[in-house]
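# Structural overview for review
Okay, here's what each chain looks like letter by letter:
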Amino acid sequence: MKEEQRGARVARSAMRVRFWGARGSIPSPGIDTARYGGNTPCVSVSAGNAVPLIFDAGTGIRALGISLDGDPPDEPLDLFLSHTHWDHIQGLPFFSPMFRRGTHLRIWGAGHSTRTLEQTIRGLLAPDVFPVPFDEVGARIEFRDPPLKAVELRGMQILAIPVRHPGGALGYRIDAAGGAPVVYVPDNELRAEEPGAGAASREVLREACRGAALLIHDSTYTEEESADFMGWGHSTTDDALQLALDAGVEALALFHHAPGRSDIAIDAMVDRCVERVSREGASLRVLAAAEGLEIVVGR
């Protein structure tokens, strides 16, 4: 695996992962968060020169939309939501392709016990909170159930994995031919006493992550903070690191940074993980997700 800051030719079996937002809970711009970024979750994954798949619609999706400006693509844009908490959908009303006629946007995800996915997204553009009504956005919007059985799109297979988070949430495993997978798990409480209805067990999740080239996992809290936030649906850096070690992944990207966590504090979290990996004699690489970071996985 290698990081690239500029476009390079990518083999068709490779996947390009780009972080557009890596912060959790609420956007947190400022001097102290400039390096890792303050936008909330949004990640794109593409194979070759194909239109990227989009994972989550936090405030980072605004910049992703600007990067896609131009003629609408011939094929649909696919957005996979982990869940509908605000930090994962609040950027959608500012996603410019949604307002472009000729765009076909497919939104994959699960509803809540009290609302369907469509009802929640329509609520984002309700007249009392947004000036443009949902029915006037321009794009054709289609809602789809999460792929609990793998679906193939643009040279990649995508599989949804139910995880542990209040109200339910999903992770996603993305496979491309000839390469190790990328696994995206933005919100997940690995040590939750109650896993939640339908959530994958630790063993099932470990196997879904087995041999991944890159695991992007919730690491909101430090070990010292965790006791105050049990049941809130998030993991510690130690939790995420142990999962990565158990699953034999090549690289772990710490994700969903706490809104008050400074760049310097995130550096320290990475350093502690690297020290532990070294002590255990493992080959795992640990980094922190940062806005603008691109990683090429595969050949």
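Look up a bit, the structure's there.
Residues numbered from 1 in each chain as written. Predicted model: local features only at pLDDT ≥ 70, side-chain atom pairs only at ≥ 80, totals over all residues. Heavy atoms only, no water.

## With respect to the nonpolar core
Heads up, the rule is: Joining through side-chain atoms within 4.5 Å is the link that ties buried Ala, Val, Leu, Ile, Met, Phe, Trp, Tyr and Cys residues into a set, and such a set is a nonpolar core. Buried residues are those whose accessible area, probed at 1.4 Å on protein chains only, stays under 20% of the maximum for their type, while exposed residues exceed 50% and partly exposed ones sit between those limits. Strands are runs of DSSP state E lasting at least 2 residues, helices are runs of H or I lasting at least 4, and numbering of each runs from the N terminus. Between two residues, a contact is recorded if the distance between any of their heavy atoms is within 4.5 Å.
Among the nonpolar cores identified, the biggest contains 32 residues, and Phe 19 and Ile 216 are the most heavily contacted of them. Among the elements that make up this core, the one with the highest residue count is strand E10 (residues 169–176) (4 residues). With residues near it in sequence (within four places) discarded, Ile 216 still touches Val 17, Phe 19, Val 43, Val 182, Val 183, Tyr 184, Val 185, Ala 253 and Phe 255. If you look at the next biggest cluster of nonpolar residues, it comprises 31 residues, including Ala 200, Ala 212, Val 270 and Leu 284.

## A few points about the pattern of salt bridges
Any two side chains of opposite charge can pair, on the condition that their charged atoms come close. Keep this limit in mind: Put simply, a salt bridge is a Lys or Arg side-chain nitrogen that is within 4 Å of an Asp or Glu carboxyl oxygen.
For the structure shown, the criterion picks out 18 salt bridges. Notably, a salt bridge pairs Asp 78 with Arg 154, separated by 2.8 Å at the nearest N-O pair. With Asp 78 in strand E5 (residues 77–80) and Arg 154 in the loop between strand E8 (151–153) and strand E9 (156–163), this residue pair connects regions lying 76 residues apart in the sequence. A relative accessible area of 16% places Arg 154 in the buried class. A salt bridge links Asp 239 to Arg 191; the nearest nitrogen and oxygen atoms lie 2.7 Å apart. Of this pair, Asp 239 sits in helix H5 (residues 237–247) while Arg 191 sits in the loop between strand E11 (182–185) and helix H4 (202–209); the two residues are 48 residues apart in sequence, bridging distant segments of the chain. Ionic contacts of the salt-bridge type, sharing partners, join the residues Glu 75, Asp 78, Arg 106 and Arg 154 into one network.

## Topic: the packing of H4 against H5
Spelled out, the test is: To define axes, lines are fitted to C-alpha atoms, for helices over the stretch in contact only, and angles between the resulting N-to-C directions are given on a 0 to 180 degree scale. Each crossing is labelled by how the near helix is turned from the far one, with a counterclockwise turn of less than a right angle marking it left-handed and a clockwise turn marking it right-handed. Three classes are used: nonpolar for Ala, Val, Leu, Ile, Met, Phe, Trp, Tyr, Cys and Pro, charged for Asp, Glu, Lys and Arg, and polar for all others, with Gly counted as polar.
One can describe the packing of H4 onto H5 by two numbers: an axis separation of 8 Å at closest approach and a directional angle of 65 degrees. As for the relative orientation of H4 and H5, their crossing is right-handed in sense. Between H4, through Arg 202, Leu 205, Arg 206 and Cys 209, and H5, the contact on the second element is made entirely by Asp 239, Gln 242, Leu 243, Asp 246 and Ala 247. Here the residues of the contact of H4 with H5 are counted per class, giving 4 nonpolar, 1 polar and 4 charged.

## A few points about the pairing of strand E3 (residues 42–47)
Convention followed: Whether two strands pair comes down to DSSP finding at least two bridges between them.
Summarising burial for E3: 6 of the 6 residues are buried, a large majority. The alternating pattern of E3 places Cys 42, Ser 44 and Ser 46 and Val 43, Val 45 and Ala 47 on opposite faces, both of which are buried. Both strand E2 (residues 15–21) and E3 contribute to a ladder of 6 bridges, which runs antiparallel. Note that in E3 the partner of Gly 21 across the bridge is Cys 42. Both E3 and strand E4 (residues 53–55) contribute to a ladder of 3 bridges, which runs antiparallel. Paired with Val 45 across the bridge in E4 is Leu 53.

## Focus: the environment of Asp 218
What counts, and what does not: Any N or O atom pair separated by 3.5 Å or less is treated as a polar contact, with the protein-specific requirement of one donor-capable and one acceptor-capable atom, and with residues adjacent in sequence counted only for side-chain atom pairs.
Considering the arrangement of structural elements, one finds Asp 218 in strand E12 (residues 214–218). Sequence separation between Asp 218 and Asp 267 is 49 residues; the distance between their C-alpha atoms is 16 Å. Discounting chain neighbours no more than four positions away, the residues touching Asp 218 are Val 185, Pro 186, Asp 187, Asn 188, Gly 233, His 234, Ser 235, Thr 236, Ala 240, Phe 255 and His 256. Side-chain polar atoms of Asp 218 contact the backbone nitrogen of Asn 188, separated by 3.0 Å.

## Digging into unusual backbone geometry
Positioned with a positive phi, Arg 154 is a non-glycine residue whose angle comes to about 50 degrees. Even without being glycine, His 256 reaches a positive phi, approximately 60 degrees. Tracing the chain through its elements places His 256 in the loop between strand E13 (251–255) and helix H6 (263–279).

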